[in-house]
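Okay, here's what each chain looks like letter by letter:
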Amino acid sequence: MSNMMRDSQIMAQIKDENLGYMSDMALELAQMAEDTGLATLAYLFRMAALEASTANSVLAEPDDLRRQMTSH
């Protein structure tokens, strides 16, 4: 059972790192779009960065939600 817990922690860490990378990349693309005068595209990339940075706290697996609601 401890292997499953360790694996799920590793997967959660990888997910966090991937979301952070996506957020950083979207911000870089937003800056590039803004530098070339593409304000709408820059806005969309900023929204994508925001989505990636908050995805982990907003999107939880159903088991996580149940655990959060039942833990005291």
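Cut-offs applied
Residues numbered from 1 in each chain as written. Predicted model: local features only at pLDDT ≥ 70, side-chain atom pairs only at ≥ 80, totals over all residues. Heavy atoms only, no water. Helix = DSSP H or I, 4+ residues; strand = E, 2+ residues; numbered from the N terminus. Buried < 20%, exposed > 50% of the residue type's maximum accessible area, 1.4 Å probe, protein only. Areas by Shrake-Rupley, 256 points an atom, 1.4 Å probe, with all protein chains shown as cover. Patch = residues over 30% accessible without salt bridge, like charges linked within 9 Å, V, L, I, M, F, W, Y side chains within 5 Å. Salt bridge = Lys/Arg side-chain N within 4 Å of Asp/Glu carboxyl O. pLDDT = per-residue confidence, 0-100.

So, the overall build of the protein chain
Turning to step 1, where the next piece is worked out: Counting secondary structure elements, the protein chain contains three helices and zero strands.
Turning to step 2, where the next piece is worked out: Its helices and strands in sequence order give the protein chain the pattern α-α-α, from N to C terminus.
Turning to step 3, where the next piece is worked out: When the 72 residues of the protein chain are sorted by exposure, 12% land in the buried category.
Turning to step 4, where the next piece is worked out: Just so you have it, the protein chain exposes about 6,000 Å², and 62% of that area is on carbon and sulfur atoms.

Observations concerning a nonpolar patch on the surface
Turning to step 1, where the next piece is worked out: A surface patch of nonpolar side chains, amounting to about 560 Å² of accessible area, comprises Leu-38, Leu-41, Tyr-43, Leu-44, Met-47 and Leu-50.
Turning to step 2, where the next piece is worked out: Following the sequence through the fold, Leu-41 ends up in helix 2 (residues 39-58).
Turning to step 3, where the next piece is worked out: What makes Leu-41 partly exposed here is its relative accessible area of 36%.

Description of the confidence of the model for the protein chain
Turning to step 1, where the next piece is worked out: Overall, the predicted model of the protein chain reaches an average pLDDT of 83, with 75% of residues at or above 70.
Turning to step 2, where the next piece is worked out: Mean pLDDT across the elements of the protein chain bottoms out in helix 3 (residues 62-70) (53) and peaks in helix 1 (residues 2-35) (91).

Considerations on the pattern of salt bridges
Turning to step 1, where the next piece is worked out: A full pass over the atoms with the stated rule returns two salt bridges.
Turning to step 2, where the next piece is worked out: With its nearest N and O atoms 3.7 Å apart, the salt bridge here joins Asp-7 to Arg-6.
Turning to step 3, where the next piece is worked out: Overall, Asp-7 belongs to the partly exposed group, its relative accessible area being 39%.
Turning to step 4, where the next piece is worked out: Its relative accessible area of 44% is what places Arg-6 among the partly exposed residues.
Turning to step 5, where the next piece is worked out: Residues Glu-34 and Arg-46 are paired through a salt bridge, measuring 2.8 Å at the closest nitrogen-oxygen approach.

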